Amino acid sequence: MFTLTDEEKSVLKAIARTTLEVAVKENRRVEIDPSKLPKRLQQHLGAFVTLKKEGRLRGCIGRFEPNQPLYEVIIEMAIAASRYDSRFAPVTPDELSEIEIEISVLTPRVRVNSIDDIVVGKHGIYVVYREKNGTYLPQVATDMGWSKEEFFRSCCEQKAHIAPEHCKDAELYTYEAIIF
């Protein structure tokens, strides 16, 4: 199973923080020399970057598909969460000191047959029905105090915008995340 050391987590947090500062203050993308990074951060993995202000969501964007090195995914998702989460206005320079960063490094998705296969607090979920899809990270269910049924229903209806009568026909996937 994939793991990250405390040092590797600190490096990713520093990359996310520097990326956020440079993107918001200087409107440019930070450049990182991969030769100075631990090899594990160069593996191709999906990740989400969540921004919070005063404990409340301020932006959250991620990528499942591991089509580039993890450190690059963190750079791109930090920029996207600060600028392109359609639920929020872009992060401003005045807010930077109040922004907390949470990173979720994702394991590959696994198709499951039933919500009975979901372990609340351990699994994130991804639902797909025709062209609609949505996901919740593992911490969403515990943060909201949801049962697995509420977790699935909210992801299906609220996040993916799948009609309630079609949720039973949606494909369901679980994944895990290293959250820090």
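Everything numeric here is computed off the predicted structure, so don't read it as measured data.

Caption draft 1: Spotlight on the overall build of the protein. Counting its secondary structure elements, the protein contains 4 helices and 8 strands. N-terminal to C-terminal, the α/β element order of the protein is α-β-β-α-β-β-β-β-α-α-β-β. Since a compact globule built from 180 residues should have a radius of gyration of about 16 Å, the 17 Å found for the protein is in line with a globular shape. Taking the principal axes of the C-alpha coordinates as reference, the protein spans close to 45 × 35 × 30 Å. For the protein, the residues scored as buried account for 46% of the 180 residues in total. The long-range fraction of contacts in the protein, counting pairs at least 24 apart against all pairs at least 6 apart in sequence, stands at 74%. Looking at the protein as shown, the accessible area adds up to about 9500 Å², and 49% of this sits on carbon and sulfur atoms. For the protein, the separation between the mean place of its 25 positive charges and that of its 28 negative charges on side chains is 2 Å.

Caption draft 2: A look at the state of the cysteines. Summed over the entire model, instances satisfying the criterion amount to 1 disulfide. Cys 60 takes part in no disulfide bond, and the closest cysteine sulfur to it belongs to Cys 155, at a distance of 12 Å. This cysteine, Cys 155, is not joined by any disulfide, and Cys 156 carries the nearest cysteine sulfur, 7.3 Å off.

Caption draft 3: The side chain of Thr 19, seen in detail. Among the structural elements, Thr 19 can be located in helix H1 (residues 6-26). Each residue touching Thr 19, except ones within four places of it in the same chain, is listed here: Val 30, Ile 75, Ala 78 and Ile 79.

Caption draft 4: Region of interest: the packing of aromatic side chains. Under the criterion given, the structure shown has 6 aromatic pairs. When the ring of Phe 64 is compared with that of Tyr 126, the centres are 5.0 Å apart and the planes differ by 65 degrees; the resulting orientation is edge-to-face. Of this pair, Phe 64 sits in the loop between strand E2 (56-63) and helix H2 (70-83) while Tyr 126 sits in strand E5 (residues 124-129), placing them 62 residues apart in sequence. For Phe 64, a relative accessible area of 17% puts it in the buried group.

Here is what the cut-offs are and how they apply
Residues numbered from 1 in each chain as written. Predicted model: local features only at pLDDT ≥ 70, side-chain atom pairs only at ≥ 80, totals over all residues. Heavy atoms only, no water. Helix = DSSP H or I, 4+ residues; strand = E, 2+ residues; numbered from the N terminus. Rg over C-alpha atoms; globule rule 2.2 N^0.38 Å. Buried < 20%, exposed > 50% of the residue type's maximum accessible area, 1.4 Å probe, protein only. Contact = heavy atoms within 4.5 Å. Areas by Shrake-Rupley, 256 points an atom, 1.4 Å probe, with all protein chains shown as cover. Lys, Arg positive; Asp, Glu negative; His and termini not counted. Charge placed at Lys NZ, Arg CZ, Asp CG, Glu CD. Disulfide = S-S within 2.5 Å. Phe/Tyr/Trp six-rings, centres within 6.5 Å; stacked < 30°, edge-to-face > 60°.

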